[in-house]
Amino acid sequence: MTWVQLRLAKEMKQMAIVFENLFREIILERGYSYHLQDLVSELEIGESRVTAIVHGSELYQVEIEIEGGEVTSMSCDCPYFSGGDNCKHLAAVFYALRQDDDKHCVKSDHDVTMELLESLTSEELISFLREEISINSDLHFKFKTKFQNKLVGEQDYTSYLRHIDSVFEFHLGRNNFIDYERVMDFEVEIGEIIEPISGLVDDGEYELGFIMVEHLVSRISELSIDDSWGTTSSIMGELAKILRVIIEGSSEPLYTQIFQWLSQNIYGQILDFLEEELVGIFMENYPETEKLQQKIQVIDVILADIEKESSESWGRKYNLAKWLRNKINILLELKDYKGATAIISENLHLSEVRNIAVDWHLTNNEYERAIGLLISGKKLYSDYRGIVDDYSKKLIEIYKLIGNQEAVVAESKRRLLQNPRDLQVYKDYRGLFSPKDWDKERDAILAELVETRRNMKPYYAEENMLEQLLAEIKEDPSYLSLDTYEDILFSSFTTELRDLFKARIISMAKHAGGRKYYKRINHELKRINRYPGGKHIVDKLLATWQQQYKNRPAMLEELGIPIHK
């Protein structure tokens, strides 16, 4: 860093607290999301100390110490922070602090960086870039890729490939595996590689772009990684976007070269969930008759390979259905209706093939045939709730299309009783009736739902049947639904709700726990305080617990109860 930058950075620190460099990018995103959802509460700002509660899967206590315009210490009682990393709860508090605080000047790292950038002269900026590019391979790669079209002569893509390999090797390390702790950094660095590739393609450098995409796909296909975050899928998704642009813009021979590469990599070369991106590109592009016929040949080889498998596993059935569907769609595109019909007739036991047949009949206005396939399909797949529900939805759409209202009502009712957990299905059924007719139908359908022993609370809430809703809540010994329905019950049953919260908190207090558990109890006490007579109840509980739980110092301390010695 030059002396100019050092001087400016020092002045900036005196003016502002910059926090974003304390967190990983993905943690900042999640913290900002928490801030936008107003999950930061009880924000207390002192001269050198900030405290807050952040509502996550549990209530987390956050503390930040600030001295001389710098963050000197941070703490949060969540597991992620305990593991040694700054967490999203801390980030959320910083965002809230930036919005609400008048005592400390909290700026975005981006804002400070832009102020620094605008303060530099062109000579200072060029000097800085020249020095950094010579020692920073990442910056050198991005700079060269971004502006390579300004260079004269042959493009040096081999250095780009070496840089890609170096990023993989660095993060794989000695164990040849990217573990959970390094995944985020790896994804960020690959994103920094993909971004300039996208810029190259936008500038028409399709051949170079494909070389780099092909290399990245090859490396991803061999990668050993803790993929809990879906990192590889995210990367493949970005590469697929670039590849689509390349195919659309390229001409021969690159156009055919990519087709041949796809043909060799859409099955059995990389993990199934990564293959889907390439399969989608293979099927969506290359509409020429010759290419469609070549696609059929490729798919026939894949189907023959699947047929060789002896198992009847779910994976085999899924692959068989997927590739039969792809073949049928190409045959229809080629107007080979005889060939498509033969495949459909032989494979109606596969739901995806049956769906194609239904859609085909609908395209030809053969409604009765489509209805017959859907009704028989519901019986065939009666053990698969999702498939049955999809077929039921299609039946309702067809009945509406042909104007059979009686069948619409009957099928909608069957769908509701088959899938009572989905409140939207209930709303759809209700929408078929006039307000006058619904009063009678409502009682009948709710009675049938009660017989299925389903959770009736969502339905009672939807119909504003508050007495029945409260009665259902009381049937649950833990009163877990209080949190969900407190708002709609509050005005009509204030006293009853308060007493239910009291019963719940007394039950909670019977069990010993850690400080997080006692913080939850404290949160519940504050909630009771908001009710009429709540303060008196809370004071009485605290007085009782002072004696009853005198051997729980952590509990008494968290609840603010004096400890008698």
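Up top is the structure these notes are about.
Report follows, based on the coordinates. A quick note: this is a predicted structure, and the numbers were derived from the prediction, not measured.

### Let's talk about the overall build of the protein
Looking only at helices and strands, the protein features 29 helices and six strands. Relative to a compact globule of 565 residues, whose C-alpha radius of gyration would be 24 Å, the protein shows 32 Å and is clearly more extended. Looking at the protein residue by residue over its 565 residues, the buried ones come to 41%. Considering only residue pairs separated by 6 or more positions, the protein has 56% of its internal contacts joining residues 24 or more positions apart. In the protein, the 68 positive side-chain charges and the 97 negative ones have mean positions that sit 7 Å from each other.

### Focus on the pairing of strand 3 (residues 49-55)
Of all the seven residues making up strand 3, five are buried; the element is thus mostly covered by neighbouring parts of the structure. Where strand 2 (residues 40-45) meets strand 3, four bridges bridge the pair, whose relative direction is antiparallel. Note on strand 3: the bridge partner recorded for Glu44 is Thr51. Between the antiparallel neighbours strand 2 and strand 3 lie three residues. When strand 3 meets strand 4 (residues 59-67), the two strands line up antiparallel, connected through seven bridges. Bridge pairing in strand 4 links Val50 to Ile64.

### Notes on the packing of helix 26 (residues 494-509) against helix 27 (residues 515-529)
In the contact formed by helix 26 and helix 27, the axes pass within 10 Å of each other and the chain directions differ by 160 degrees. Between helix 26 and helix 27, the crossing angle belongs to the class labelled roughly antiparallel. Between helix 26 and helix 27 the crossing geometry is left-handed. Contact residues: Arg498, Phe501, Lys502, Arg504, Ile505, Met508 and Ala509 in helix 26; Tyr517, Arg520, Ile521, Glu524, Leu525, Arg527 and Ile528 in helix 27. In terms of residue class, the contact of helix 26 with helix 27 is built from eight nonpolar, no polar and six charged.

### A short note on the state of the cysteines
Tallying each qualifying case throughout the model produces zero disulfides. Here Cys76 is not cross-linked by a disulfide; its sulfur's nearest cysteine counterpart is in Cys78, at 3.7 Å. According to the relative accessible area criterion, Cys76 is buried, its value standing at 6%. Unpaired in terms of disulfides, Cys78 finds its nearest cysteine sulfur in Cys87, a separation of 3.6 Å.

### With respect to the packing of aromatic side chains
Taken as a whole and assessed by the stated rule, the structure comprises 24 aromatic pairs. With a centroid separation of 4.9 Å and 65 degrees between ring planes, the pair formed by Tyr426 and Tyr459 is classed as edge-to-face. Residue Tyr426 is located in helix 21 (residues 423-430), and its partner Tyr459 is located in helix 23 (residues 457-462); the two are separated by 33 residues in the primary sequence. Both residues of the pair, Tyr426 and Tyr459, belong to the buried class. Grouping aromatic residues by their ring pairs yields a cluster made of Phe19, Phe23, Tyr32, Phe94 and Tyr95. One cation-aromatic arrangement involves Lys291 over Phe259; the distance from NZ or CZ to the ring centre is 5.6 Å.

### As for the sheet that holds strand 2
Reading across the sheet, the four strands line up as 2-3-4-5 and stay open at both edges, with antiparallel pairing between neighbours. Looking along the sheet, the strands with just one partner apiece sit at the ends: strand 2 and strand 5 (70-76). Between one strand and the next, the sheet's axes are offset by a mean angle of 15 degrees, whatever the strand orientation.

### Remarks on helix 24 (residues 466-474)
Residues of helix 24 that are buried include every one of Leu466, Leu469, Leu470 and Ile473, and no others. End-on, the buried residues of helix 24 take up no more than an arc of 95 degrees, which puts them together on one face. Contacts made by the buried residues of helix 24 are with helix 23, helix 25 (482-490) and helix 26.

### Examining the packing of helix 15 (residues 314-333) against helix 17 (residues 351-363)
What describes two packed helices is the angle between their axes and the distance between those same axes. Helix 17 packs onto helix 15 with a crossing angle of 25 degrees between their chain directions and a minimal axis gap of 8 Å. Judged by the angle between their axes, helix 15 and helix 17 are roughly parallel. Residues Tyr318, Ala321, Lys322, Leu324, Arg325, Ile328, Asn329 and Leu332 of helix 15 form the contact with helix 17, whose participating residues are Glu352, Val353, Ile356 and Trp360. The class makeup of the residues in the contact of helix 15 with helix 17 is eight nonpolar, one polar and three charged.

### Looking at helix 2 (residues 25-36)
An ideal rise of 1.5 Å per residue puts 16 Å on twelve residues; helix 2 measures up with 17 Å between its terminal C-alpha atoms. Among the residues trailing helix 2, Asp38 stands out with phi positive, at a value near 60 degrees.

### Comments concerning the nonpolar core
Core analysis: the largest hydrophobic core is formed by 81 residues, its most contacted members being Phe168, Leu243, Ile258, Leu262, Ile266 and Trp323. Leave out the neighbours within four places in its chain, and Ile258 touches Phe210, Leu243, Ile246, Ile247, Ser250 and Tyr286. Listed in part, the 43 residues of the second largest apolar core include Val425, Leu446, Leu470 and Leu556.

### Regarding the pattern of salt bridges
For the structure shown, the criterion picks out 33 salt bridges. Among the ionic pairs, Asp390 bridges to Lys393, the shortest N-O distance being 3.7 Å. Placement of the pair is Asp390 and Lys393 together in helix 19 (residues 385-401), with a separation of three residues, close to one helical turn. A salt bridge links Arg527 to Glu524; its shortest N-O distance comes to 3.5 Å. Here the residue Arg527 and the residue Glu524 both occupy positions in helix 27, the gap between them amounting to three residues, near one helical turn. It is possible to trace a salt-bridge network through shared partners that takes in Lys427, Arg430, Arg442, Asp443, Glu462 and Glu463.

### Remarks on the side chain of Asn347
With respect to the helices and strands, Asn347 occurs in the loop between helix 16 (337-346) and helix 17. Those residues within four positions of Asn347 in sequence are excluded, and the remaining contacts are Leu324 and Val353.

### Observations concerning the environment of Met184
Note on placement: Met184 falls in helix 9 (residues 180-202). Here Met184 falls in the buried class, since its relative accessible area comes to 6%. With 47 residues separating them along the chain, Met184 and Thr231 place their C-alpha atoms 8.2 Å apart. With residues near it in sequence (within four places) discarded, Met184 still touches Arg24, Ile26, Ile27, Arg30, Tyr80 and Trp229.

Thresholds, definitions, all that
Residues numbered from 1 in each chain as written. Predicted model: local features only at pLDDT ≥ 70, side-chain atom pairs only at ≥ 80, totals over all residues. Heavy atoms only, no water. Helix = DSSP H or I, 4+ residues; strand = E, 2+ residues; numbered from the N terminus. Rg over C-alpha atoms; globule rule 2.2 N^0.38 Å. Buried < 20%, exposed > 50% of the residue type's maximum accessible area, 1.4 Å probe, protein only. Contact = heavy atoms within 4.5 Å. Lys, Arg positive; Asp, Glu negative; His and termini not counted. Charge placed at Lys NZ, Arg CZ, Asp CG, Glu CD. Pairing = 2+ DSSP bridges. Axes fitted to C-alpha atoms, helices over the stretch in contact; angles between N-to-C directions. Parallel < 35°, antiparallel > 145°, perpendicular 65-115°, else oblique. Left-handed = near helix turned anticlockwise from the far one by under 90°. Nonpolar A, V, L, I, M, F, W, Y, C, P; charged D, E, K, R; others polar. Disulfide = S-S within 2.5 Å. Phe/Tyr/Trp six-rings, centres within 6.5 Å; stacked < 30°, edge-to-face > 60°. Lys NZ or Arg CZ within 6 Å of the ring centre and 35° of its normal. Arc of directions from axis to C-beta. Expected span 1.5 Å × (residues − 1). Core = buried A, V, L, I, M, F, W, Y, C linked by side-chain atoms within 4.5 Å. Salt bridge = Lys/Arg side-chain N within 4 Å of Asp/Glu carboxyl O.

Read these as layout, nothing more, since geometry by itself doesn't imply function.
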